[in-house]
Amino acid sequence: MTSPYREAPQLLLCPRCGEVLDRVFAGVAACPRCQGAWIGQATLDTAFGNPRWPQGQNMWWHNALECPECACEGIVRKMDARSSNEVMVDCCPSHGLWLDHGELGRLMGLDRGADELLELQKRVTAISPDPDDLAQRRLAWRGELDVRRRAAAEFRTWVEGEQRRKASEAAEQSKQRAAQTEAERKARKSQAIEAQRSAEARVRELAERRTFVEELVNERVGLIHELRRLDAELTTRRDELYRLQGELETARQRIREIDAQLDAGEPPSQ
Ligand SMILES: [Zn+2]
Ligand SMILES: [Zn+2]
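We now turn to the structure provided with this report. Quantities reported herein were computed from a predicted structural model and do not represent experimental measurements. (Residues numbered from 1 in each chain as written. Chains lettered and ligands numbered in written order. Predicted model: local features only at pLDDT ≥ 70, side-chain atom pairs only at ≥ 80, totals over all residues. Heavy atoms only, no water.)

**Brief notes about the packing of helix α1 (residues 41-48) against helix α4 (residues 116-126)**
Helix packing for two helices is described by the angle between their axes and how far apart those axes are.
Next, step 1: The N-to-C vectors of α1 and α4 enclose an angle of 70 degrees; their axes lie 8 Å apart at closest approach. Between α1 and α4, the interaxial angle falls into the category roughly perpendicular. Along its contact with α1, which presents T43, T46, A47 and F48, the element α4 presents L120, R123 and V124. (Axes fitted to C-alpha atoms, helices over the stretch in contact; angles between N-to-C directions. Helix = DSSP H or I, 4+ residues; strand = E, 2+ residues; numbered from the N terminus. Parallel < 35°, antiparallel > 145°, perpendicular 65-115°, else oblique. Contact = heavy atoms within 4.5 Å.)

Quick look at the structure:
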C-alpha cells in the first residue's frame, strides 16, 4: 500500500521537552518524559478523515512550539496554535499535530485515564483507507491550504496597507495641526501688530490735539495781551481827547471874549 504522505523521519525530538520521541506505531511518536504525542498528517487523515484534525480556530500564541519534523529539515517553524474544544493544540501545516498528555483523549471524547494512543491505534487499524481516496483528499487539502495561505497573505498585505495608510494619515493630521498652529500664531501676530499700529495712531492723534489746544491757548493769551494794550491805548487817547476838548473850550471862550470886546469897540486884550 503506497501512501501519498511521506514517512516521518526516524529521529524526532519532543517540541515540549527536547527528549527523543519513541515511535509508538506508524505515524505516531510519543515523548518518554512528558508523554506528549506527535501524530503525522497521514495518521490523522486515516483516523479522523482529515489531515488537519481537529477543526478549530487558529490563535495567536506566543508560546507556540516548533515543529519537530521541520526541525529535521533544518527549518525552525513555529507551529500554528489552534484552539479546539478548549484544547490548545500545536500543528504544523505540512507535517502533523503535537498534543500534550491527555489532550488526545479529551479531543477524542475518551474517559479520563483511558490509553489515548491505544484508542488511536484501534481507530487506525479498524479503518483501512483506500490509497487513491487518501491521495485525492490530500490534494484537496493541499489546495485548500494554498487558498488559506493566499487569503492570509492578502489579509497581511491589507493590514500592512492599513497600517501604512493610518500612519500617513496621522502624519498628515499632525502636519495640518502644525500648519493650523502656525496660521493661528501668524494671525495673532498680525492682530498684535494691528493693535500696536492703532495705539500709535491714537497717540499721534492725541499729540496733535494737544498741540492744537496749546496753539489755541497761546493765541488766546496773545489776544488778551493785545486787548490790554488796546485798552491802555484807548485810555491814553481818551485822556488826549479830554485835554484837547479842554483846550478847545478855552479857545472858544477866548473867541467869545474877543467877539465881546470887538462888539464893545474895545481893542482885544492880549
Ligand atoms: Zn517531551
Ligand atoms: Zn513541520
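**Regarding the coordination of the zinc ion (ligand 2)**
Next, step 1: The protein atoms donating to the zinc ion (ligand 2) are C67 (SG), C70 (SG), C92 (SG) and H95 (ND1), with metal-donor distances spanning 1.9 to 2.4 Å.
Next, step 2: Relative to the metal, the four donor atoms surrounding the zinc ion (ligand 2) lie at angles of 101 to 119 degrees, and the coordination shape comes out tetrahedral.
Next, step 3: Sequence spacing among the residues donating to the zinc ion (ligand 2) works out to C-x2-C-x21-C-x2-H. You can see C67 sitting in the loop between β4 (57-59) and α2 (68-72) and its partner C92 sitting in the loop between β6 (87-91) and β7 (96-99), a full 25 residues away along the chain.
Next, step 4: Of the residues examined, C92 reaches a relative accessible area of 3% and is grouped as buried. (Donors = N, O, S within 2.8 Å, 3.2 Å for Na, K, Ca; no water. Tetrahedral: all angles 85-135°; square planar, octahedral: opposite > 155°, others 65-115°. Buried < 20%, exposed > 50% of the residue type's maximum accessible area, 1.4 Å probe, protein only.)

**Focus: the nonpolar core**
Next, step 1: By size, the foremost hydrophobic cluster in this structure holds 20 residues, and its most contacted members are I39, F48, W53, L97, L99, L104 and L120.
Next, step 2: Residue contacts for L99: discarding those within four places in its chain leaves G36, A37, I39, V89, L104 and L107.
Next, step 3: With twelve residues, the next largest nonpolar core counts L12, L65, C67 and M79 among its residues. (Core = buried A, V, L, I, M, F, W, Y, C linked by side-chain atoms within 4.5 Å.)

**Quick word on the coordination of the zinc ion (ligand 1)**
Working reference: metal with six octahedral donors, ideal angles 90 or 180 degrees; metal with four tetrahedral donors, ideal angle 109.5 degrees.
Next, step 1: Taken together, C14 (SG), C17 (SG), C31 (SG) and C34 (SG) make up the protein donors of the zinc ion (ligand 1), found 2.2 to 2.3 Å from the metal.
Next, step 2: Around the zinc ion (ligand 1) sit four donor atoms; with metal-centred angles ranging over 98 to 123 degrees, the donor geometry is tetrahedral.
Next, step 3: Counting gaps between the donor residues of the zinc ion (ligand 1) yields the pattern C-x2-C-x13-C-x2-C. Taken as a pair, C17 in the segment before β1 (22-25) and C34 in the loop between β2 (28-30) and β3 (37-40) lie far apart in primary sequence, 17 residues in all.
Next, step 4: Accessibility expressed as a relative area gives 26% for C17, which makes it partly exposed.

**Thoughts on the sheet that holds β6**
Next, step 1: Strand order in the open sheet formed by seven strands is β1-β2-β3-β7-β6-β5-β4, with antiparallel pairing between adjacent strands. The strands lining the two open edges of the sheet, one partner per strand, are β1 and β4. Between one strand and the next, the sheet's axes are offset by a mean angle of 30 degrees, whatever the strand orientation.
Next, step 2: The pairing of strand β5 (residues 80-84) with β6 spans five bridges and is classified as antiparallel. Bridge pairing in β6 links A81 to D90.
Next, step 3: Of the strands in this sheet, β1, β2, β3 and β7 touch α1, which is tilted by about 80 degrees from β3.
Next, step 4: Contacts from α4 reach β1, β2 and β3 within the one sheet, and its direction differs from that of β1 by about 45 degrees. (Pairing = 2+ DSSP bridges.)

**Here's the deal with the pattern of salt bridges**
Next, step 1: Tallied over the full model, the rule gives 18 salt bridges.
Next, step 2: For R209, the salt bridge is made with E205, and the minimal N-O distance between the two is 3.4 Å. Taken together, the residues R209 and E205, both in helix α5 (residues 131-264) and four residues apart, mark about one turn of the helix.
Next, step 3: The class of E205 is partly exposed, set by a relative accessible area of 32%.
Next, step 4: Across the pair R210 and E214 runs a salt bridge, and its minimum N-O distance is 3.5 Å. Highlighted residues: R210 and E214, both in helix α5, separated by four residues, approximately one helical turn.
Next, step 5: Each member of the salt-bridge network shares a partner with another, and the members are E226, R229, E233 and R237. (Salt bridge = Lys/Arg side-chain N within 4 Å of Asp/Glu carboxyl O.)

**Considerations on α1**
Next, step 1: Of all the eight residues making up α1, seven are buried; the element is thus mostly covered by neighbouring parts of the structure.
Next, step 2: For α1, every residue scored as buried is listed here: Q41, T43, L44, D45, T46, A47 and F48.

**Digging into the pairing of β7**
One face of the sheet, then the other: side chains in a regular strand alternate in exactly this way.
Next, step 1: Sheet topology places β3 next to β7; four bridges connect them, and they run antiparallel. Residue I39 lies in a different strand from β7, and its bridge partner there is L97.
Next, step 2: Inspection of the sheet shows β6 paired to β7 by two bridges, in the antiparallel sense. Its bridge partner lying in β7, C91 is registered against L97.
Next, step 3: The turn linking β6 back onto β7 is made up of four residues.

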